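Structure at a glance
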Amino acid sequence: MVWFYLVIAIIAEVMATTALKFAEGFTKLIPSALVVVGYAGAFYFLSKVLNQIPISIAYAIWSGAGVALVGIVGWVWLGQKLDAGALIGIGLIIAGVLVINIFSQAVSH
């Protein structure tokens, strides 16, 4: 169940960060509400994850996956341009999350 909570925390964080773009300094009600609800949900589910996964590992996965996914959302859905360096960087973040999950003894599967 802990991995399910981590996925929910990541999705909520990506949703909140994406909504932040549309909140326009918290002047738009619906995107602003999505930001607040999304971050609250992200931190709630991340706190549940920390009961079973060390904070260093959980935070690395949560933040790394969130950064990579927000970059992809910006590129795919928001039409933002990403150059080769940005794409390589996102790829390295994804690779880092995979390395932690596959090779780290600190992660219980």
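Please read these numbers as outputs of a predicted model, since none were measured by experiment. (Residues numbered from 1 in each chain as written. Predicted model: local features only at pLDDT ≥ 70, side-chain atom pairs only at ≥ 80, totals over all residues. Heavy atoms only, no water.)

Examining the packing of helix 1 (residues 2–23) against helix 2 (residues 29–49)
Put simply, the rule reads: In this analysis an axis means a line fitted to C-alpha atoms, helices contributing only their contacting stretch, and an angle means the value between N-to-C directions, from 0 to 180 degrees. Numbering of helices and strands runs from the N terminus, with a helix taken as a DSSP run of H or I at least four residues long and a strand as a DSSP run of E at least two residues long. Note that the term roughly parallel is reserved for angles under 35 degrees, roughly antiparallel for angles over 145, roughly perpendicular for angles of 65 to 115, and oblique for everything else. Helix crossings are classified by the rotation of the near helix relative to the far one: an anticlockwise turn of less than a right angle makes the crossing left-handed, while a clockwise turn makes it right-handed. Three classes are used: nonpolar for Ala, Val, Leu, Ile, Met, Phe, Trp, Tyr, Cys and Pro, charged for Asp, Glu, Lys and Arg, and polar for all others, with Gly counted as polar.
Where helix 1 meets helix 2, the closest approach of the two axes is 7 Å, and the angle between their N-to-C directions is 155°. By the angle class used here, helix 1 and helix 2 are roughly antiparallel. Every pair of crossing elements has a handedness; the one defined by helix 1 and helix 2 is left-handed. Per-class residue counts for the contact of helix 1 with helix 2 are 20 nonpolar, four polar and two charged.

Considerations on the UniProt feature "transmembrane region" (unreviewed entry) in the protein chain
Using the following cut-off: UniProt positions are given in the numbering used here, feature names are shortened, and annotations may be inferred rather than shown by experiment.
Under the feature "transmembrane region" (unreviewed entry), the UniProt entry names residues 26–46, 58–78 and 84–103. Between the end C-alpha atoms of residues 58–78 the distance is 28 Å, and the span holds 90% helix and 0% strand.

Focus on the packing of aromatic side chains
Formally: Under the pairing criterion, centres of Phe, Tyr and Trp rings, with the six-membered ring standing for Trp, must be within 6.5 Å; the plane angle then separates stacked pairs below 30 degrees from edge-to-face pairs above 60, leaving the rest tilted. Buried, partly exposed and exposed residues are distinguished by accessible area as a fraction of the type maximum, computed with a 1.4 Å probe on protein chains only: under 20%, between the cut-offs, and over 50%, respectively.
Evaluation of the coordinates by the stated rule reveals five aromatic pairs. Measuring from centroid to centroid gives 5.5 Å for Tyr5 and Phe45, while their planes differ by 45°, and the two rings are tilted. Separated by 40 residues along the polypeptide, Tyr5 in helix 1 and Phe45 in helix 2 bring together distant segments of the chain. Using a relative accessible area of 21% as the deciding quantity, one classes Tyr5 as partly exposed. With centroids separated by 5.5 Å and ring planes inclined at 55°, the aromatic side chains of Phe43 and Trp62 adopt a geometry described as tilted.

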